Amino acid sequence: MRSRDGNRSITRAICSLILLSSFASLNAKEFLISYRYMIKDATLYNETLHISNSMKKCTGKPQVALILTSFGDEDLKQTISKNSTEFIDYMHKLGLHVEHQESTTNYQNKSTTILTLKTTCFKVDFNENFAKITPLK
């Protein structure tokens, strides 16, 4: 399209930018991620992270993305393990389900806290230097 002042280059640049951003989202891979950790008596007892490829196309609205350094590989498990603190902080921001039990017997306290992220679909776009991880809700 030509603008009123006859300048086509700005309109082309905007259209090409929109097309490139839509193609970038087409290359994104979809993963199902669940996370759980258990704390017994103020000590980390168990921590599990499950990552699997999505069998079906995920639907939902994209949430705030996390960008992690990927070191040129396209292995999500390796990328997350190299950037584990950033990813775990991000999981806390997404919202974890908290289950807490506490009991006292003969003046001894026992507590168990379980935090879980229910299985959530993530779109992951790998680039040369980073991975963009976006949850869908």
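On a predicted model such as this, the values are computed, not experimentally measured, just so you know.

(A) Spatial organisation of the side chain of threonine 79. Within the secondary structure layout, threonine 79 lies in helix 2 (residues 76-82). For threonine 79, a relative accessible area of 0% puts it in the buried group. Those residues within four positions of threonine 79 in sequence are excluded, and the remaining contacts are Leu68, Thr69, Ser70, Asp73, Phe126 and Ala131.

(B) Geometry of the pairing of strand 2 (residues 43-53). Of the strand pairs in this sheet, strand 1 (residues 29-40) and strand 2 are connected by 10 bridges, and their pairing is antiparallel. Looking at strand 2, one finds that tyrosine 37 is bridged to glutamate 47. With antiparallel pairing between neighbouring strands as the criterion, strand 1 and strand 2 make up a hairpin whose turn holds two residues, including aspartate 41 at a positive phi of roughly 50°.

(C) Highlighting the nonpolar core. In this structure, Phe31, Ile33, Leu76, Phe87, Phe122 and Val124 are the most contacted members of the largest nonpolar core, which totals 20 residues. Broken down by secondary-structure element, the contributors of at least two residues to this core are strand 1, strand 3 (66-69), helix 2, helix 3 (84-94), strand 5 (108-126) and strand 6 (130-135). At five residues, strand 5 tops the list of elements feeding residues into this core. When sequence neighbours within four positions are dropped, the list of residues in contact with leucine 76 reads Phe31, Ile33, Ile51, Val124, Phe126 and Ile133.

(D) Structural context of the state of the cysteines. Tallying each qualifying case throughout the model produces one disulfide. What pairs with cysteine 58 in a disulfide is cysteine 121, and their sulfur atoms sit 1.9 Å apart. For the disulfide bridge between cysteine 58 and cysteine 121, the dihedral angle about the S-S bond is near 95°, and by the sign convention the bridge is right-handed. With cysteine 58 in the loop between strand 2 and strand 3 and cysteine 121 in strand 5, the pair connects residues that are 63 residues apart, well separated along the chain.

(E) Spotlight on the pairing of strand 3. Every second residue of strand 3 is oriented toward a common face, the buried set being Leu66 and Leu68 and the non-buried set Ile67 and Thr69. Sheet topology note: the strand 3/strand 6 ladder contains four bridges and is antiparallel. Residue pairing for strand 6: leucine 66 is matched across the bridge by isoleucine 133.

(F) Representation of the pattern of salt bridges within the structure. Counting across every chain of the model gives three salt bridges. Put simply, glutamate 30 and lysine 57 hold a salt bridge, and the shortest N to O gap is 3.8 Å. Of this pair, glutamate 30 sits in strand 1 while lysine 57 sits in the loop between strand 2 and strand 3; the two residues are 27 residues apart in sequence, bridging distant segments of the chain. Take glutamate 30: its relative accessible area is 14%, and that puts it in the buried class. Under the relative-accessibility criterion, lysine 57 is labelled exposed at 66%. Where salt bridges share partners, they join Glu30, Lys57 and Lys123 into one cluster.

(G) Looking closely at the side chain of serine 70. With respect to the helices and strands, serine 70 occurs in the loop between strand 3 and helix 2. Apart from the residues within four sequence positions on either side, serine 70 is in contact with Thr79, Phe126, Asn127, Glu128, Asn129, Phe130 and Ala131.

(H) Spatial organisation of the packing of aromatic side chains. A full pass over the atoms with the stated rule returns one aromatic pair. The interplanar angle of 55° and the centroid separation of 5.6 Å between the aromatic rings of tyrosine 35 and tyrosine 37 together place this pair among those described as tilted. Taken individually, tyrosine 35 and tyrosine 37 each receive the classification buried, so the pair is uniform in this respect. One Lys or Arg, lysine 40, reaches over the ring of tyrosine 45 and ends 4.5 Å from the middle of that ring.

Cut-offs applied
Residues numbered from 1 in each chain as written. Predicted model: local features only at pLDDT ≥ 70, side-chain atom pairs only at ≥ 80, totals over all residues. Heavy atoms only, no water. Helix = DSSP H or I, 4+ residues; strand = E, 2+ residues; numbered from the N terminus. Buried < 20%, exposed > 50% of the residue type's maximum accessible area, 1.4 Å probe, protein only. Contact = heavy atoms within 4.5 Å. Pairing = 2+ DSSP bridges. Core = buried A, V, L, I, M, F, W, Y, C linked by side-chain atoms within 4.5 Å. Disulfide = S-S within 2.5 Å. Salt bridge = Lys/Arg side-chain N within 4 Å of Asp/Glu carboxyl O. Phe/Tyr/Trp six-rings, centres within 6.5 Å; stacked < 30°, edge-to-face > 60°. Lys NZ or Arg CZ within 6 Å of the ring centre and 35° of its normal.

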